[in-house]
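Read off the chains here:
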Amino acid sequence: MESNRTDDTQRVRRSFSAWLGELREFMKGRFSLEEDKAQRDEVVAAISKGVVFRGVNLWVLIFATMIASLGLNVNSAAVIIGAMLISPIMGPIMGVGLALGINDFELLKKSLRNLALMFIVAIITSTHYFYISPLSALSSELLASPVTTTNDVQIARTSTVIPGAASATALIPPLCPAGFGLATGQIKFFFGAFYLFFINSVFIALATYAMVRFLKYEKKTFIDKNRERTVKRLMMVVTLVTFIPSVVIGFHMVRVSVFEAVADKYVSQGFAFP
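Residues numbered from 1 in each chain as written. Predicted model: local features only at pLDDT ≥ 70, side-chain atom pairs only at ≥ 80, totals over all residues. Heavy atoms only, no water.

1. Some remarks on the packing of aromatic side chains
- Under the counting rule described, the total for this entry stands at eight aromatic pairs.
- For the ring pair Phe130 and Phe180, a centre distance of 5.3 Å and an interplane angle of 80° mean the geometry is edge-to-face. Of this pair, Phe130 sits in helix H6 (residues 105-132) while Phe180 is found in helix H9 (residues 172-184), placing the two residues 50 residues apart along the sequence.
- A relative accessible area of 7% means that Phe130 is categorised as buried.
- For the pair Phe194 and Phe198, a centre-to-centre distance of 6.0 Å together with 25° between the ring planes defines the contact as stacked. Remark: Phe198 and Phe194 occur in helix H10 (residues 187-214); sequence separation between them is four residues, near one turn of the helix.
- We classify Phe194 as partly exposed; its relative accessible area is 30%.
- By relative accessible area, which is 32% here, Phe198 ends up partly exposed.
- Taken together, the ring pairs connect Phe119, Phe190, Phe191, Phe194, Phe197 and Phe198 into an aromatic cluster. (Phe/Tyr/Trp six-rings, centres within 6.5 Å; stacked < 30°, edge-to-face > 60°. Helix = DSSP H or I, 4+ residues; strand = E, 2+ residues; numbered from the N terminus. Buried < 20%, exposed > 50% of the residue type's maximum accessible area, 1.4 Å probe, protein only.)

Below you can see the structure in the form of structure tokens.
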């Protein structure tokens, strides 16, 4: 009798284990991305093509910067979002992350050159716009753009995993207040906006690098191993140097917010007269 009960228990356990295995395979098949995953060569070719700023890409960047500057100038979020959607600025930044992920030193150099060109062209465009613009008042969008916290880091890290969220990274708008700062001689605006652009660029590249390594793309072999180690160490240093100031700024903003909340509570309770 006891033997029959043991056999029944074992059969139930085996049946349950088999059912769990079938359920696991079913869910794995449903949520698998293997069928829709692009091949490595296709991804590398597409990102490498978007790295270069020449012809149409360069003109689109100029007009996107002008549109974003206009949106900031007239305090229109819709115009700013429109400029972000047409901007080709993600190309060289993703190129940097891809190059680091597959050890492609030539692609890294090309991406950095084009990123520098993109930055210079966007800054010159926004500076010229604000220099000749008849609208000199500071809008709330302009005032808010140079403020950077750890939230910007999280947004930047997410944007490359989900390319449709690229507009949320606000890569073009920070360059416009930077141009405003140069055009009006307000260096605070320039450095604040530049830091916001820089922190977004670094963490978008880092997120691209993380995805490339997660997908296990084949690496190119570095002939000079010392150069490979130097590049990786430099990447870590740049990441830390970028992240630490945002933590300090974010902590300061939290302290200010707490103080304002306590002050508002004190005023509402202490000055409640008939």
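2. Some thoughts on the side chain of Asn114
- Take Asn114: it is sitting in helix H6.
- When sequence neighbours within four positions are dropped, the list of residues in contact with Asn114 reads Val51, Val52, Phe53 and Pro92. (Contact = heavy atoms within 4.5 Å.)

3. Considering the packing of helix H3 (residues 56-74) against helix H4 (residues 77-86)
- At a minimum axis separation of 8 Å, H3 and H4 run at an interaxial angle of 165°. In terms of axis orientation, H3 runs roughly antiparallel to H4. Between H3 and H4 lies a crossing of left-handed hand. Residue-level inspection shows Val60, Ala64, Ile67, Ala68, Gly71 and Leu72 of H3 in contact with H4, the latter providing Val79, Ile80, Ala83 and Ile86.
- Here the residues of the contact of H3 with H4 sort into nine nonpolar, one polar and no charged. (Axes fitted to C-alpha atoms, helices over the stretch in contact; angles between N-to-C directions. Parallel < 35°, antiparallel > 145°, perpendicular 65-115°, else oblique. Left-handed = near helix turned anticlockwise from the far one by under 90°. Nonpolar A, V, L, I, M, F, W, Y, C, P; charged D, E, K, R; others polar.)

4. As for the nonpolar core
- Within the largest apolar cluster, 48 residues are counted, with the highest numbers of intra-cluster contacts made by Ile89, Leu98, Leu100, Met118, Leu171, Leu175 and Phe197.
- Looking at this core, the element that brings in the most residues is H6, giving ten residues.
- With five residues, the next largest nonpolar core counts Tyr195, Leu196, Val202 and Phe203 among its residues. (Core = buried A, V, L, I, M, F, W, Y, C linked by side-chain atoms within 4.5 Å.)

5. Section: the packing of H3 against H6
- Packing of H3 against H6 leaves a shortest axis separation of 9 Å and a crossing angle of 40°. Classified by the interaxial angle, the pair formed by H3 and H6 is oblique. Taken as a pair, H3 and H6 cross one another with a handedness that is right-handed. Residues Leu58, Leu61, Ile62, Thr65, Met66, Ser69, Leu70 and Asn73 of H3 lie in contact with H6, whose contacting residues are Met118, Val121, Ala122, Thr125, Ser126, Tyr129 and Phe130.
- Grouping the constituent residues of the contact of H3 with H6 by class yields ten nonpolar, five polar and no charged.

6. Concerning unusual backbone geometry
- Phi at Asn103 is positive, roughly 60°, even though this residue is not glycine.
- Structurally, the position occupied by Asn103 is in the loop between helix H5 (90-102) and H6.

7. Quick word on H3
- The end-to-end C-alpha distance of H3 is 27 Å, a good match for the 27 Å that 19 residues give at a rise of 1.5 Å each.
- Every buried residue of H3 is accounted for by Leu61, Ile62, Ala64, Thr65, Ala68, Ser69, Gly71, Leu72 and Asn73.
- Count one or two residues on from H3 and you reach Asn75, which has phi positive near 65°. (Expected span 1.5 Å × (residues − 1).)

8. A short note on the environment of Val202
- Within the fold, Val202 resides in helix H10.
- Taking the relative accessible area as the measure of exposure, Val202 reaches 12% and is therefore buried.
- When the C-alpha positions of Val202 and Phe243 are compared, they lie 9.4 Å apart, and in sequence the two are 41 residues distant.

9. Details of H10
- Spanning 28 residues, H10 covers 40 Å between terminal C-alpha atoms, matching the ideal 40 Å at 1.5 Å per step.
- Of the residues one or two after H10, Lys216 is the one with positive phi, at around 60°.

10. Points about the pattern of salt bridges
- Here the structure, examined in full by the defined rule, presents one salt bridge.
- A salt bridge links Lys109 to Glu106; its shortest N-O distance comes to 3.3 Å. With Lys109 and Glu106 both in helix H6 and three residues apart, this pair spans about one turn of that helix.
- Taking relative accessible area as the criterion, Lys109 reaches 32% and is therefore assigned partly exposed. (Salt bridge = Lys/Arg side-chain N within 4 Å of Asp/Glu carboxyl O.)

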